[in-house]
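# Summary of the model geometry
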Amino acid sequence: DGAAGRPPGGHSKLEHSMMHILATALSGTTRPSNRVGGSPLIPLSDPRNAQRAGPEQIHLTGASVDSIHVTWSDNDTSTAPSVVEVRAVSDAASWTAVPGPSGSVYSALQAADACPGGYTDPSCIYTSSVLHSVQLTQLEPATEYEYRVRSAAGKVQERSSRSLRFTT
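Let me sum up the structure you'll find in this document. (Residues numbered from 1 in each chain as written. Predicted model: local features only at pLDDT ≥ 70, side-chain atom pairs only at ≥ 80, totals over all residues. Heavy atoms only, no water.)

This brings us to the overall build of the protein chain. Across its full length, the protein chain holds one helix and ten strands. In sequence order, the protein chain lays out its α and β elements as α-β-β-β-β-β-β-β-β-β-β. The burial tally for the protein chain puts 24% of its 168 residues in the buried class. Counting only contacts in the protein chain whose residues sit at least 6 apart along the sequence, the fraction spanning at least 24 positions is 53%. (Helix = DSSP H or I, 4+ residues; strand = E, 2+ residues; numbered from the N terminus. Buried < 20%, exposed > 50% of the residue type's maximum accessible area, 1.4 Å probe, protein only. Contact = heavy atoms within 4.5 Å.)

What follows is the structure, given as structure tokens:
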């Protein structure tokens, strides 16, 4: 007979499942998983995957009382450094440009079922947009800042994001 709501044998169904998962992981025995439900795969040629001009997907990470990382993607392929312009909201007249390293890209093969051409077919290789990250340091604690990211579109024009805000 089970004690405290436990079935005979002493383990709940959840505990039994967790022990099975742990034992499988430790033994090195895994089964391939199949995608079930969810959104269908979208081929790279789909218009929803069209490249957009300018910075997008802007994120703040790794914050402390006096620093923060600003990370974003851009389809600009130039090798210009990543730049974040920042200013305290109370000092609306002057932007400070903080340069970072040049952006980087990564590539990956699409899933085999979405790409019958295999790894030799260039249309089967996904290449990310250019990924940028700049650390802003020496920020004043408890201060509201305004920032925007900037990328060079070749040598002719620069594109900036809209201004965004954060507080340290």
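This part takes up the environment of aspartate 74. Here aspartate 74 shows up in strand β2 (residues 68-74). Looking at aspartate 74, the relative accessible area reads 0%, which means it is buried. Considering only alpha carbons, one finds aspartate 74 and leucine 131, 57 residues apart in sequence, at a separation of 6.6 Å.

This brings us to the pairing of strand β3 (residues 81-88). A large share of β3 lies buried, amounting to seven of its eight residues. Bridging between β3 and strand β4 (residues 96-102) involves five bridges; their strand directions are antiparallel. Considered in β4, the bridge of valine 84 is made with valine 98. (Pairing = 2+ DSSP bridges.)

In terms of nonpolar packing, the biggest core is built from 14 residues, with Val70, Val84, Leu136, Tyr147 and Phe166 touching the most fellow members. Secondary-structure elements contributing two or more residues to this core are β2, β3, β7 (130-136), β8 (144-153) and β10 (164-167). Among all residues touching valine 84, those that are not within four sequence positions of it are Val70, Trp72, Thr96, Ala97, Val98, Val134, Leu136, Tyr147, Arg148 and Val149. (Core = buried A, V, L, I, M, F, W, Y, C linked by side-chain atoms within 4.5 Å.)

The next subject is the packing of aromatic side chains. Applying the stated criterion to the full structure yields two aromatic pairs. Measuring from ring centre to ring centre gives 5.5 Å for tyrosine 145 and phenylalanine 166, while their planes differ by 20°; the resulting arrangement is stacked. Of this pair, tyrosine 145 sits in strand β8 while phenylalanine 166 sits in strand β10; the two residues are 21 residues apart in sequence, bridging distant segments of the chain. Grouping residues by exposure puts tyrosine 145 and phenylalanine 166 together as buried. Residue phenylalanine 166 is classed as buried on the basis of its relative accessible area of 7%. Among the aromatic residues, those joined into a cluster by ring pairs are Tyr145, Tyr147 and Phe166. Just above the ring of tryptophan 95 sits the side chain of arginine 148; from NZ or CZ to the centre is 3.9 Å. (Phe/Tyr/Trp six-rings, centres within 6.5 Å; stacked < 30°, edge-to-face > 60°. Lys NZ or Arg CZ within 6 Å of the ring centre and 35° of its normal.)

Any link to function would need more than the numbers given here.
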